[in-house]
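Structural description and commentary
What follows is the residue order along each chain.
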Amino acid sequence: MSEIVQIDEGFYSRQLYVLGHKAMSRMATANVLVAGMRGLGVEIAKNVILSGVKSVTVQDEGQVVWADLSSQFFLKESHLGQNRATCSLQQLSALNQGVHVSAITEPLDEELLLQFQVVVLTDSSLSEQKCFNEFCHLNGIKFIVADTKGLCGQLFCDFGKEFEVLDQDGEKPATAMIQSVSQANPGLVLLTDDRHSRFSDGCKVFFSEVQGMTELNGIGPVDIKDCGSDSFSIGDTSAFSQYEQGGVVTEVKQPCTLTFKTLNEALLDLTLLKINGYGKKPRHETLHLAFQALHGFVEKEQRLPGPRSQSDADALLAIVGTLNTVAQLEQLDEAAVRTFSYTARGDLAPINAFIGGLAAQEVIKACSRKYTPLRQWLYFDALECLPEEEDQLTEASFSAKGTRYDGQIAVFGPAFQEKLERQKYFLVGAGAIGCELLKIFALVGLGAGEKGSITVTDMDFIARSNLNRQFLFRSQDVGEPKSEVAARAVREMNPRMNISAHQDRLDPGSEGVFDDDFFMGLDGVAAALDNMEARVYLDGRCVQHQKPMLEGGTSGLQGHTLVVVPHLTKSYGRDTSSSTEAIPLCTLKNFPHRIEHTLQWARDQFEGLFKQTPENVNLFWRDDGFVERTLGLGDAEALEVLGGLWSSLEDMEAGGQRPRSWEDCVSWARCQWETLYNNDIRQLLHCFPSEAVTAAGLPFWTGSKKCPHSLTFDPNRTTHMEYVVAAANLYGQIFGISGTRDHAAVRETLERVRVPPFTPKSSVKIHLTDKEMEEEKQVDRDDAEKARLEELKEKLASPSLESSFMQMSPVDFEKDDDSNFHMDYIVAASNLRAENYNIPAADRHKSKGIAGSIIPAIATTTAAVAGLMCLELYKLVQGHQEIRSYRTAYMYLPVTHIVFAQPTQAETFEVGVKKYTPWDSFPVMGKPNGQQEMTLRGLIRYISYTRLHIQYEYDVSEVVRIFAKTEIPPHKKMLELFAWFTEDKECETVPPIRYMLR
C-alpha cells in the first residue's frame, strides 16, 4: 500500500496551487542528496527543502574559504576553515520543519547513493559525474548535474531508461459545455461556452451530465479529432439515444514515458542541448565543449584558470579545439571560450540563484512526476554583464584579496566591487522576490560600503503561508513586519549591510517619507511587488527622477524580468491588458454554469452583507450628506443601499434586520439560507419553467443556461449547517455579538426559528443580459418604488433614529485565517449554489484559490527570477549604455523554456527641432515646486495632481497616453500645456484629458 501523506496546507498554501496534492504527496516520500555546499549547492538544497520532500542530505568534504562567502548565504566569516556541510546544516534545517535534513562530510560512494531517489551533484569532477551517473542510471535513481563557473551555468538531467510523466505541462484540463451531439459516424460534438475551446486532435476526453444520449456518460476516455474552435468529432454515436440537452466534456490528461541517455552517451549527442535562452547569442554548443575542457584543465593543473590569464585561456582553448575534432561544431565561439576561462574562478550569487532555481525545479519534477523534465542539457551564459569596453586591469588585479567578495572580484575586479558598495538602492516589497533579492544584495555587497545603503519597505506582516517561499522568515517571525525581519536576516548574512526597513505603502500617501530628495539620492530601484497599481506608481516616480528600475514577477512556474534604463528603454507604463475576464452580472445573478461563477457570487454576497452594508451604516452616522448623495446614484441603487441601511438600523421585532442576541443571528442566517437557495430559485423557475422555450421555439434552459432546482433545508446535511453557522457568526461580528461553532447548539436554536412562507410573483422581471439590467436602471421607477424611496428618506431623517446609534464592524475578507469563518462562508455559500445548478462542488482548497484570487507561487521560480534581475543590476551599476546589453526575460519552467529579448527602446517626441524621450528634462515656465527643469512625465504628473485632481497610480499613465494621441503638433502641445499650467488659460489639449478620465 502506498504511504498516506498529510500535506500541511497552511505552510504549502501557495505551492499547492502549483503542484497539487497528488504531486506533493509523491514528493513527500522522496529522499534527495545534494552534493557540494558552495553557493550553487546551498541554493538547490534551500529550494528543495522548502518544496517539501521527505528528506534532504547535504554532502561536502571541503572547508569554508573566503570565496565561498560570495554566494553561500548560510556561511559566515566565523565558519572559515570548518566543513561547509555541517556549517550549513542548522540554517537549512530551520527552513522547513517537515523535512528531515542531515549532513555528510565523507566522500560519496555507491552504497550511500542507494538511499536516495534523486542525486544532485554540484562542484564535482567529470570523472565523478560519469561514474555516479552510470550507477544511478542502472539503479533507477534520478541524476542531476548542476555547475556554475563565473557568468556561465550548466545543467544535466538523467531520469533513467523509462521515466513516466503524469502531467506534462500542469495546465488545467480543458473543459467545455455541450450544445449538441449528432447521431452519426463519426458523431459531431458542438460546444457552447464563454471560453474558447483548448481541445486539440489526439486529446482524450470524458463526458458527464449529458441528458438524452446518456451512453456518453458511462464510457471511458474518448479520442477526439477534427477539432475546431467550437466542435470536434468522436466515434460512432449512430446507435446511441438522441441527445436532448446539457453535458460537460473534460480533457483527460495523458501520461507519457521518456527515455534518457547516460551522461557518457549524452556528452556526444549535441541534439540533447537545449538552447541557452532564445534571444541570446547561441553559445550552447561552445559551452558544452568548454565545460568539458575545463574539467580536463583542472584535472591536469589541479586548479581553475586564473582570472584574465592569457596563458590559461590559450590552454583551455587548445583543449576545446581537440574536443571539437570529434564534435565538429560549425561555429566555435573562441572569444566566448577565452572569456569563460578568464571568469571561471568567479562564484556569482545571481548565476547560482538562476541555475539553482532551475535545478531544484528538475528535482521536483523527478520526485513528483509532474511537468516535463529537461532533456538533457541546458547551458546559460550572461557574458553581456562584462564591461562593454575592454578594461585595462591586469591579471593581478583580479587575484583573491581574502574578502567575502573574492568570488565576485575574480570576474569584475576590485573597482567594480567598490562601486557596488557605494550604491544606494530602494527595494519595494519584502515578499518572496524581495527576500531573494535581499539575499543577493547581501552576497554581492550592494550598498554595503560606507557611503552605500539599502532601503526596503513593505507594509505586510509575516503569515504562516509566507514561510514556504519567503525563506528569510521562520515560524517564530509570524506576525512580525516583513521588512524588519528581512533586514535583520540579511545583516546576519553580511554584517556590513547598511539597510533600513520601513512599513509604508508606496503610494501618494507616503510621499512625505519617500519624497523627491529621497528619490534623487538613489542610484536605482528594485520592484518586488504583487500588484499592477504599485508597479505603475513606482515606475512613474522612477521616470520623474530618472532612476533605473529592476522589476520581476512570478505566477507559479512562470516568471518574467524587466529592466528600465533612463533615456534608453521604454518605462514600465500602464498595463492595459486584463488577465481575467469579467463575469457577466446576469450570469452571476441567475445563470451560473461554472464553479468560478458560484464562488464569485459567494464573494459578492460576503462583501455586500458583511462589509459594504456596515460601512454604509458608519458613513451614514458620520456624514450628513450620505443619503442625498446616495439618492443621486439612481433610484434602483438608492433603493438597495438605503433599504439595507434602514434594515441594519431597525430591530428584528420591528421588521428590520438588526439582531439583539445570538439567537437573532441564527434566525437571520436561516432565513437568508431560505431566500438564497429556495425562494430565489423558485422565483426564477416561476418566470422560466424547466420546459420554457425561447421566441424561436428552442429550449430556454440549454447550453450555458443550466436549469436549477430549489433546495430544502436539512440540518443533518453538513453544508447546510456550515452555511448557517458561518453566516450567523459573521453577522454577529458586524453587530458585536459573540457566536459559537457548536453545531448542536445551533441546531437547537434552529428549532425555534420561524421561516416566513414564500409565494413566487408573476410581476418580478428577471434580466437575461447585462444590457437589459443597465436599460432597466434608466427606466423611471413606478409609484410604489418612488414612495418607498421617500419613506426611507423620511425614516432616515427622523430625530428618533439617534437612539439606534451604533458603530458597526465591517469585515475585510481574509482567506488565510481558518478561524475567522470567512472561507467557511464562501465554501458553503458557493457549493450550495452549485448544488442548485447541478455544478460539481469545489473543496476548500480549490475554493480558496479561486475566491481569494491566489497567485500560485513556488521558491524555485522566485529564486530564478531574482537571479536574472540581479544580472541586470550588474549592468546598471557598470553603466552599460548599449540597449543590446540588457535583457528582458520570460520563463516557463513546466517545460524549461526560457526566452530573452532586448528591452523596448524609449519612445521619442519632438519639440521644435529637438527629440526628447519621457525621461528627458527641459526648462519649465512657472517653476513648480521651485524646480528649474522637469521631465515630460513629471510635469504631467504634477499637473494631474494640482489641476486635474486625479489619483496618479491609476491614471497618470493614461494622461500621458491621451496627451500623446491628441491631434495637435507636439511642440504646440507642450506650449499649450505650459501656458495652461502657468497662466490658467484655455487649452485645446487638457479639457479632453479631463473628460476622457471621467
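Computed from a prediction, not measured in an experiment: that's the story for all the values here.

On to unusual backbone geometry, then. Glycine aside, residues mostly have negative phi, and peptide bonds are mostly found in the trans state. Cis geometry marks the peptide bond from N185 to P186, where omega comes out at 5°. Mapped onto the fold, P186 is located in the loop between β8 (175-181) and β9 (188-191). At the junction of R375 and Q376, the peptide bond is cis and its omega measures out at -15° in the coordinates. Following the sequence through the fold, Q376 ends up in the loop between α11 (349-368) and β16 (377-381). At Q302, a position not held by glycine, the phi torsion is positive, near 60°. Within the secondary structure, Q302 is located in the loop between α8 (284-301) and α9 (310-327). On the basis of relative accessible area, Q302 is assigned to the exposed category, the value being 65%. Of note, Y371 is a non-glycine position whose phi angle comes to about 80°, a positive value. Turning to its location among the elements, Y371 is positioned in the loop between α11 and β16. The class of Y371 is buried, set by a relative accessible area of 4%.

Glancing now at the confidence of the model for the protein chain. One rule of thumb: low pLDDT means the predicted coordinates there are not for detailed reading. With 87% of its residues at a pLDDT of at least 70, the protein chain reaches an overall mean of 86. In this model, residues 978-998 is a region of pLDDT below 50 whose contacts with residues beyond four sequence positions or in other chains number 45 contacts.

Evaluation of the coordinates by the stated rule reveals 47 salt bridges. A salt bridge links D824 to R741; the shortest N-O distance between them is 3.3 Å. One end of the pair, D824, is in helix α27 (residues 822-836); the other, R741, is in the loop between α23 (718-735) and α24 (743-750), and 83 residues separate them in sequence. You can call D824 buried: its relative accessible area is 17%.

Attention now goes to the packing of helix α1 (residues 13-27) against helix α28 (residues 844-851). Running from N to C, α1 and α28 cross one another at 115°; their axes reach a closest spacing of 11 Å. Note on packing geometry: the crossing formed by α1 with α28 is left-handed. Contacts from S13, L16, Y17 and H21 of α1 reach α28 at H845, K848 and G849. The class makeup of the residues in the contact of α1 with α28 is 2 nonpolar, 4 polar and 1 charged.

Paired through their backbone hydrogen bonds, the strands of a sheet run either parallel or antiparallel. Strand order in the open sheet made by the 8 strands is β3-β2-β1-β4-β5-β6-β16-β15, with mixed pairing throughout. Two strands bound the open sheet, and with one partner strand each, they are β3 (100-104) and β15 (273-274). Bridge count for strand β6 (residues 152-158) against β16 is 5 bridges, and the pairing is antiparallel. Bridge pairing in β16 places L155 opposite L378. α8 rests against β5 (142-149), β6, β15 and β16 of the sheet, and its axis sits at about 95° to β16.

With that out of the way, let us pick up the environment of L631. With respect to the element layout, L631 can be found in helix α20 (residues 626-631). On a C-alpha basis, the gap between L631 and L642 in space is 8.7 Å, while along the polypeptide they are 11 residues apart. Leave out the neighbours within four places in its chain, and L631 touches A638, L642, L789 and K793.

Turning our attention to a positive patch on the surface. A cluster of basic side chains, namely K419, R422, K424 and K451, defines a positive patch on the protein surface. Mapping K451 onto the fold places it in the loop between α14 (432-444) and β18 (453-457).

Enumeration according to the criterion identifies 40 aromatic pairs in this entry. Pairwise contacts between aromatic rings join W601, F606, F610, W668, W673, Y677, F713, Y723, Y731, F735, F813 and Y825 into one cluster. The lysine or arginine in question, K705, covers the ring of F700, its NZ or CZ lying 5.6 Å from the ring centre. Looking at R741, its charged tip hangs above the ring of F821, at a distance of 3.9 Å from the centre.

Here is what the cut-offs are and how they apply
- Residues numbered from 1 in each chain as written.
- Predicted model: local features only at pLDDT ≥ 70, side-chain atom pairs only at ≥ 80, totals over all residues.
- Heavy atoms only, no water.
- Helix = DSSP H or I, 4+ residues; strand = E, 2+ residues; numbered from the N terminus.
- Buried < 20%, exposed > 50% of the residue type's maximum accessible area, 1.4 Å probe, protein only.
- pLDDT = per-residue confidence, 0-100.
- Contact = heavy atoms within 4.5 Å.
- Salt bridge = Lys/Arg side-chain N within 4 Å of Asp/Glu carboxyl O.
- Axes fitted to C-alpha atoms, helices over the stretch in contact; angles between N-to-C directions.
- Left-handed = near helix turned anticlockwise from the far one by under 90°.
- Nonpolar A, V, L, I, M, F, W, Y, C, P; charged D, E, K, R; others polar.
- Pairing = 2+ DSSP bridges.
- Patch = residues over 30% accessible without salt bridge, like charges linked within 9 Å, V, L, I, M, F, W, Y side chains within 5 Å.
- Areas by Shrake-Rupley, 256 points an atom, 1.4 Å probe, with all protein chains shown as cover.
- Lys, Arg positive; Asp, Glu negative; His and termini not counted.
- Charge placed at Lys NZ, Arg CZ, Asp CG, Glu CD.
- Phe/Tyr/Trp six-rings, centres within 6.5 Å; stacked < 30°, edge-to-face > 60°.
- Lys NZ or Arg CZ within 6 Å of the ring centre and 35° of its normal.

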